[in-house]
Amino acid sequence: MKLLKIHPADTVVVALTAIEAGEVVSVEGVPLTVAEPVAAGYKVALVPIAAGDVVVKYGNPIGHAICDIMPGQTVHVHNLKTGLENLLEYSYNPRHAPFSPETSGIFMGYRRSDGKVGIRNEIWIVPTVGCVNIQASLLQKAAQAFVAEEIGGVYAFPHPYGCSQLGADHENTRRVLAGLIQHPNAGGVLVLGLGCENNSVEDMREMLGAYDPNRVKFLVCQDVSDELEAGLGLLQELIAFAGQAQREPVPMSELIVGLKCGGSDGFSGITANPLVGAFTDRLISEGGSAILTEVPEMFGAETILMNRCRTPELFDKTVALINDFKTYFIESGQAIYENPSPGNKAGGISTLEDKSLGCIQKGGCSDVTDVLGYAEPVCMKGLNLLSGPGNDLVSISNMTASGAHLILFTTGLGTPFGAPVPTVKISSNTALFEKKRAWIDFDAGPLLNGTPMGELRDELYTFVRALASGECRSKNEMLGAREFTIFKTGVTL
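Parameters at a glance
- Residues numbered from 1 in each chain as written.
- Predicted model: local features only at pLDDT ≥ 70, side-chain atom pairs only at ≥ 80, totals over all residues.
- Heavy atoms only, no water.
- Helix = DSSP H or I, 4+ residues; strand = E, 2+ residues; numbered from the N terminus.
- Polar contact = N/O pair within 3.5 Å; in protein donor to acceptor, adjacent residues only side chain to side chain.
- Contact = heavy atoms within 4.5 Å.
- Phe/Tyr/Trp six-rings, centres within 6.5 Å; stacked < 30°, edge-to-face > 60°.
- Pairing = 2+ DSSP bridges.
- Axes fitted to C-alpha atoms, helices over the stretch in contact; angles between N-to-C directions.
- Buried < 20%, exposed > 50% of the residue type's maximum accessible area, 1.4 Å probe, protein only.
- Arc of directions from axis to C-beta.
- Patch = residues over 30% accessible without salt bridge, like charges linked within 9 Å, V, L, I, M, F, W, Y side chains within 5 Å.
- Areas by Shrake-Rupley, 256 points an atom, 1.4 Å probe, with all protein chains shown as cover.
- Salt bridge = Lys/Arg side-chain N within 4 Å of Asp/Glu carboxyl O.

### Considerations on the environment of asparagine 121
Now for step 1: By secondary structure assignment, the location of asparagine 121 is in the loop between strand S11 (117-118) and strand S12 (122-127).
Now for step 2: Each C-alpha atom of the pair asparagine 121 and glycine 152 lies 5.6 Å from the other, and the pair is 31 residues apart in sequence.
Now for step 3: A polar side-chain atom of asparagine 121 sits 3.0 Å from the main-chain carbonyl oxygen of glutamate 150.
Now for step 4: There is a polar contact of 2.9 Å between the side chain of asparagine 121 and the backbone oxygen of alanine 242.

### Focus on the side chain of asparagine 384
Now for step 1: By secondary structure assignment, the location of asparagine 384 is in strand S20 (residues 382-386).
Now for step 2: Beyond its immediate chain neighbours, meaning those up to four positions away, asparagine 384 contacts Ser289, Ala290, Ile291, Leu292, Thr369, Asp370, Leu372 and Val378.

### Thoughts on the packing of aromatic side chains
Now for step 1: Taken as a whole and assessed by the stated rule, the structure comprises 14 aromatic pairs.
Now for step 2: Relative to tyrosine 461, the ring of phenylalanine 279 has its centre 6.3 Å away and its plane inclined at 50 degrees; by these criteria the two rings are tilted. Here phenylalanine 279 is found in helix H5 (residues 272-285), whereas its partner tyrosine 461 is found in helix H12 (residues 453-468), with 182 residues between them in sequence.
Now for step 3: Counting every residue linked through ring pairs, the aromatic cluster contains Phe299, Phe325, Tyr328, Phe329, Tyr374 and Phe487.

### Focus on the sheet that holds strand S23 (residues 442-443)
Now for step 1: Ordered in space as S19-S20-S18-S17-S21-S22-S23, the seven strands form an open sheet in which the pairing is parallel. A single partner strand is all that each edge strand has here, and the edge strands are strand S19 (368-372) and S23.
Now for step 2: Relative to S19, helix H7 (residues 312-331) is tilted by about 45 degrees, and along the sheet it contacts S19 and S20.

### A look at the sheet that holds strand S5 (residues 43-45)
Now for step 1: As summarised here, the arrangement of the four strands in space is S1-S2-S5-S8, forming an open sheet in which the pairing is antiparallel. Each having just a single partner strand, strand S1 (3-4) and strand S8 (74-75) make up the two edges of the open sheet.
Now for step 2: The sheet contact formed by strand S2 (residues 12-15) and S5 spans three bridges and is antiparallel. Among the inter-strand pairings, valine 14 is bridged to a residue of S5, identified as lysine 43.

### Some words on the side chain of asparagine 307
Now for step 1: Residue position: asparagine 307 is located in the loop between helix H6 (302-306) and H7.
Now for step 2: Among the polar contacts made by the side chain of asparagine 307, one reaches the main-chain amide nitrogen of asparagine 93 at a distance of 3.0 Å.
Now for step 3: Residues within four places of asparagine 307 in sequence aside, it is in contact with Ser91, Tyr92, Asn93, Pro94, Arg95 and His96.

### Some details on helix H10 (residues 392-401)
Now for step 1: Buried residues dominate H10, accounting for eight of its ten residues.
Now for step 2: Those residues of H10 that fall on the buried side of the exposure criterion are Val394, Ser395, Ile396, Ser397, Asn398, Met399, Thr400 and Ala401.
Now for step 3: Next to the buried residues of H10 lie helix H2 (167-181), strand S17 (256-261), strand S18 (289-292), S20 and strand S21 (406-411).
Now for step 4: Where H10 ends, the next residue or the one after it, glycine 403, has phi of about 120 degrees, a positive value.

### Re helix H3 (residues 201-208)
For the α-helix, the turn length of 3.6 residues means that residues three or four positions removed from each other point alike.
Now for step 1: Among the residues making up H3, those that are buried are Val201, Met204 and Leu208. The buried residues of H3 occupy an angular sector of 60 degrees when the element is viewed end-on, so they sit on one face. Opposite the packed face of H3, turned more than 90 degrees from it, sit the exposed residues Glu202 and Glu206.
Now for step 2: Close packing links the buried residues of H3 with H2, strand S14 (186-193) and strand S15 (216-220).
Now for step 3: Phi turns positive one or two residues past the end of H3, at glycine 209, with a value near 70 degrees.

### Quick look at a nonpolar patch on the surface
Now for step 1: A cluster of nonpolar side chains, namely Ile134, Leu138 and Leu228, defines an oily patch on the protein surface of about 240 Å² accessible area.
Now for step 2: By the secondary structure assignment, leucine 138 is in helix H1 (residues 133-143).

### Side note on unusual backbone geometry
Note: most peptide bonds trans; most residues except glycine with negative phi.
Now for step 1: The phi angle at serine 164 is positive, at roughly 60 degrees, despite the residue not being glycine.
Now for step 2: In this fold, serine 164 is placed in the loop between strand S13 (154-156) and H2.
Now for step 3: Taking relative accessible area as the criterion, serine 164 reaches 24% and is therefore assigned partly exposed.
Now for step 4: In this structure, alanine 375 takes a positive phi of about 60 degrees despite not being glycine.
Now for step 5: Residue alanine 375 is classed as buried on the basis of its relative accessible area of 2%.

What follows is the structure, given as structure tokens:
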């Protein structure tokens, strides 16, 4: 098969391989003459589309034709424009997929004193302010000499904030840092402050609330004569404490998985994202949780998510999630549809609707069970929508702070970075998997060659369970790629 019709209502098909001009290709038994060379992942008109007509893919509009398009012609940025508008009125039309609870599987995790479960047992150094980033990095390097067998390593997460911030930015920094400090993948955490910053150590203590003093320790660099000596002493205490932890059987219902895509191409919405969606549905059926963020990449597909909200109250929260982010764009003087990226377009994605309809498939078909603010912790099982931008580094940090044990990251073009937690890269096509084996953990490309979705979903599930149990590491862990980035919207003093 060379051309794929995704949904019965679609007016375009997707090229699964490069096709020459004049080639006749069968689509569901009907011959279609390709009018011009078409690259893999690009769209081809299946029927005549008049100027102004809606173009349909995934069974939904992905924009309007800006000129007449004949069957067999390529449909892309040269003849298709977004149909997105600014703030909209929405109505709740619930559509709930059948849900069959499954018996939860088991992985081997670390049970913490607060009842949370981690999939790694690491020591984390979290600066309250960017002024002590170099101290954090020096302590990370020095402490490696004391790492015991049960410790996965010592990692610092420098960032440029924690001072000279106001209002929402200041609160966002405090909230995301608190989420990192409380994350159960860390068996021990050193909170490193300077002493004169807005985001003081005392403020962070208050933000944390109750905490285990054996697991979380604090150091204010201005209060000691040698912060490196003092910090290393505290890290040795944390390493000794965390070294006592042992893996034990934990139900998969305890697992929280973040869902992200980046460097998407024309196959992302056909292979990798639906595969992750199938995994998500299985995990949720076993009582687990998933986080879907990238709010600007819900624009154009938001009504699908709204109608999957379990209650009218959640529907209202999702409407606010969408319109608040649109307002953020408008007040910043930016068009809400300034997306997809150049790489997305080169891969065959034409409009934000095209991108969004593929993006949200990572959330599967499960009901939306909660809507969270930026870096707000997950407290409801099931599919959680999390406020935050689409930026890759900000998104993965946001989901980590909200409690994601690991991230499933789909990509068609490839990217090497990772979150503070294991970041599983899933390629949309086998060519990328073969080219970038040092980056990519799992290949969704076999779906294009007839591998059944259920079979590949179960392979991914087995891989994730092994990863969570510590039987293997993700490629970002092997590369040492652990980025941490905080969302900023306001002024800097």
